[in-house]
Amino acid sequence: MGKEYAALRACIYHTEDDLRRFRQLVVNTVMATDIVDKELQTLRKTRWETAFAETSVQDSSLSSDDCKATIVIEHLIQASDVSHTMQHWYIYKSWNEKFFMECYSAYKTGRADSDPSKNWYKGEIGFFDFYVIPLAKKLDNCGVFGVSSHEYLNYAQSNRDEWAREGEGIVKEYLTKYKEMATQQ
């Protein structure tokens, strides 16, 4: 570790134990962005349940507050990764379109095997039902955002409902827009 960061390191940790704890927090936080790995999801779910259980048995090396803080930070990183789903419909729709276009372009140029337009509509509903809304509920229940926590949950539920009503037509619009953009190039 370079000398030029000594002052920063002194602010972050004072002992080797603090350094190990900080390093583990950073690793867990980065790994929290992997939402595809079922094993990691199960581990996170178990750690959440342990940290927020009424009578939890904690690892003797970490306090209950440390466990809660760590798992909440991981969930905050997950929420930031999908924050567009917990904001106003137009923000969600804009970011959803960008991601669709990226995935569809990858398919059309041979960088992806399957056509995302075939499952995009249903995939978004499943994403809301099995990932976004449960995540927003956890963050709402732990109160990490204070009074705003419920607002994020409401937006997620509202966007899910709007997508259920309008999503099939929106995917068709995305395809039309992609084709128009492709003919202009």
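In what follows, the structure referred to is the one given above.
Residues numbered from 1 in each chain as written. Predicted model: local features only at pLDDT ≥ 70, side-chain atom pairs only at ≥ 80, totals over all residues. Heavy atoms only, no water.

Trainee: I'd love a proper account of the overall build of the protein, names of residues and values included.
Mentor: The number of helices and strands found in the protein is 7 helices and 0 strands. Here the C-alpha radius of gyration of the protein, 20 Å, is well above what a compact globule of 185 residues would show, namely 16 Å. The principal-axis extent of the C-alpha atoms belonging to the protein is close to 60 × 45 × 30 Å. Going through the 185 residues of the protein one by one, you find that 30% of them count as buried. Intrachain contacts of the protein at a sequence separation of at least 6 include 63% that bridge at least 24 residues. Here the protein has roughly 12,100 Å² of accessible surface; of this, 54% comes from carbon and sulfur atoms. Of the side chains in the protein, 23 bear a positive and 28 a negative charge, and the two mean positions are spaced by 4 Å. (Helix = DSSP H or I, 4+ residues; strand = E, 2+ residues; numbered from the N terminus. Rg over C-alpha atoms; globule rule 2.2 N^0.38 Å. Buried < 20%, exposed > 50% of the residue type's maximum accessible area, 1.4 Å probe, protein only. Contact = heavy atoms within 4.5 Å. Areas by Shrake-Rupley, 256 points an atom, 1.4 Å probe, with all protein chains shown as cover. Lys, Arg positive; Asp, Glu negative; His and termini not counted. Charge placed at Lys NZ, Arg CZ, Asp CG, Glu CD.)

Trainee: Please give an account of the environment of Asn96 that cites residues and values.
Mentor: Along the chain, the position of Asn96 falls in helix 5 (residues 89-108). Taking C-alpha positions, Asn96 is 11 Å from Gly167, a pair spaced 71 residues apart along the chain. If we skip the residues at most four places from it in the chain, Asn96 touches His84, Trp120, Glu124, Trp163 and Tyr174.

Trainee: Explain the nonpolar core to me, using residue names and the numbers behind them.
Mentor: Among the nonpolar cores identified, the biggest contains 26 residues, and Met86, Phe100, Val132, Leu135, Trp163, Val171 and Tyr174 are the most heavily contacted of them. Contributing elements (two or more residues each) for this core: helix 5, helix 6 (120-142) and helix 7 (149-184). Here the element with the most residues in this core is helix 6; it accounts for 10 residues. Those residues within four positions of Val132 in sequence are excluded, and the remaining contacts are Val82, Thr85, Met86, Phe127 and Ala156. (Core = buried A, V, L, I, M, F, W, Y, C linked by side-chain atoms within 4.5 Å.)

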